[in-house]
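# Descriptive analysis of the structure
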Amino acid sequence: APHSPPAVTAGFFMTCTVAPFDMIRTRLMNQPADAKIYNNAIDCMIKIATNEGPLTFWRGFLPIWSRFAPTTTLQLVIFEQLRGIMG
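An account of the accompanying structure is given in this report. (Residues numbered from 1 in each chain as written. Predicted model: local features only at pLDDT ≥ 70, side-chain atom pairs only at ≥ 80, totals over all residues. Heavy atoms only, no water.)

## Remarks on the packing of aromatic side chains
Our working definition: Under the pairing criterion, centres of Phe, Tyr and Trp rings, with the six-membered ring standing for Trp, must be within 6.5 Å; the plane angle then separates stacked pairs below 30 degrees from edge-to-face pairs above 60, leaving the rest tilted. When a residue's accessible area, from a 1.4 Å probe over protein chains only, is under 20% of the maximum for its type it is buried; when over 50% it is exposed; and in between it is partly exposed.
Overall, the coordinates contain five aromatic pairs when judged by the stated rule. For the pair Phe57 and Trp58, a centre-to-centre distance of 6.3 Å together with 85° between the ring planes defines the contact as edge-to-face. Look at Trp58 and you get partly exposed, because its relative accessible area is 36%. Linked through ring pairs, Phe12, Phe13, Phe61 and Trp65 together constitute an aromatic cluster.

This is the structure:
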C-alpha cells in the first residue's frame, strides 16, 4: 500500500504528542490513594520534569509507538481505500 510509510510516520508523531500525557495519566492512576504524590496533572508534570528530567515523558516510547503505528496505518490505508470506492 503506497500510504503505509506516511501512516507509520503519522503514528510516530502521534506517539510523540501522546506519550507525555500517557506518562502523566499513568503516574496519577498508580499513586497510592492514602499517600498521594501528585495533586493534579499539572503538579505531576512539574514534579516529573523537575525530579526526573523532561525526557522521562517519553520513557516507554517504543511500546507506545508499536501500539499506535499498526492502528494508524490500518486506519489511513482503509480510509484511502474507502475514499476510492465511494468517490
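Next, the rest of the story.
## Concerning the packing of helix H1 (residues 4-30) against helix H3 (residues 61-86)
When two helices pack together, their arrangement is given by the angle between their axes and by how far apart the axes lie. Heads up, the rule is: For helices, the axis comes from a line fit to the C-alpha atoms of the stretch in contact; other axes are also lines fit to C-alpha atoms, and the angle between any two N-to-C directions lies between 0 and 180 degrees. Every helix listed is a DSSP run of H or I at least four residues long, and every strand listed is a run of E at least two residues long, numbered separately from the N terminus. For classification purposes, angles smaller than 35 degrees are called roughly parallel, those larger than 145 roughly antiparallel, those between 65 and 115 roughly perpendicular, and all remaining angles oblique. By the definition used in this description, the sense in which the near helix is turned from the far one sets the handedness, with an anticlockwise turn below a right angle giving left-handed and a clockwise turn giving right-handed. Throughout, a contact is declared for two residues whenever any of their heavy atoms are within 4.5 Å. Residues are grouped as follows: nonpolar covers Ala, Val, Leu, Ile, Met, Phe, Trp, Tyr, Cys and Pro; charged covers Asp, Glu, Lys and Arg; every other residue, Gly included, is treated as polar.
In the contact formed by H1 and H3, the axes pass within 7 Å of each other and the chain directions differ by 135°. In terms of orientation, H1 lies oblique with respect to H3. For H1 against H3, the interelement crossing comes out right-handed. Of H3, the residues touching H1 (which contributes Ser4, Ala7, Val8, Ala10, Gly11, Phe12, Met14, Thr15, Cys16, Val18, Ala19 and Asp22) are Phe61, Ile64, Trp65, Phe68, Thr72, Thr73, Leu76 and Val77. Grouping the amino acids of the contact of H1 with H3 by side-chain chemistry returns 14 nonpolar, five polar and one charged.

## Some details on the nonpolar core
Cut-off, in case you're wondering: Here, the term nonpolar core denotes a set of buried Ala, Val, Leu, Ile, Met, Phe, Trp, Tyr and Cys residues that are joined through side-chain atoms within 4.5 Å.
Formed by Met23, Ile24, Tyr38, Cys44, Ile48 and Phe57, the largest nonpolar core amounts to six residues. Ignoring sequence-local partners within four residues, the contact set of Cys44 consists of Ile24, Arg27, Leu28 and Tyr38.

## Describing the environment of Arg59
Inspection of the secondary structure puts Arg59 in the loop between helix H2 (41-52) and H3. Given a relative accessible area of 52%, Arg59 falls into the exposed group. Taking the C-alpha atoms as reference points, Arg59 and Ala19, separated by 40 residues in sequence, lie 7.9 Å from one another. Excluding residues within four positions of it along the chain, Arg59 makes contact with Met23, Arg27 and Glu52.

## Focus on H3
Residues separated by three or four positions in an α-helix point in the same direction, a consequence of the helix having 3.6 residues per turn. Test applied: Expected helix span is taken as 1.5 Å per residue step, with the number of steps being one fewer than the number of residues.
Taking 1.5 Å per residue, 26 residues should reach 38 Å; H3 reaches 36 Å between its end C-alpha atoms and fits that length. Taken as a whole, H3 has its buried residues at Phe61, Ile64, Phe68, Ala69, Thr72, Thr73 and Val77. In the core, the buried residues of H3 are packed alongside H1. Count one or two residues on from H3 and you reach Gly87, which has phi positive near 85°.

## Regarding the pattern of salt bridges
Applied cut-off: Here, a salt bridge means any Lys or Arg side-chain nitrogen found within 4 Å of an Asp or Glu carboxyl oxygen.
Using the criterion set out here, one finds five salt bridges in the structure. For Glu52, the salt bridge identified is with Arg27, shortest N-O distance 2.8 Å. Residue Glu52 is located in helix H2, and its partner Arg27 is located in helix H1; the two are separated by 25 residues in the primary sequence. For Glu52, a relative accessible area of 36% corresponds to the partly exposed category. Put simply, Asp43 and Lys47 hold a salt bridge, and the shortest N to O gap is 3.2 Å. Of this pair, Asp43 and Lys47 both sit in helix H2, four residues apart, roughly one helical turn. For Lys47, a relative accessible area of 28% puts it in the partly exposed group.

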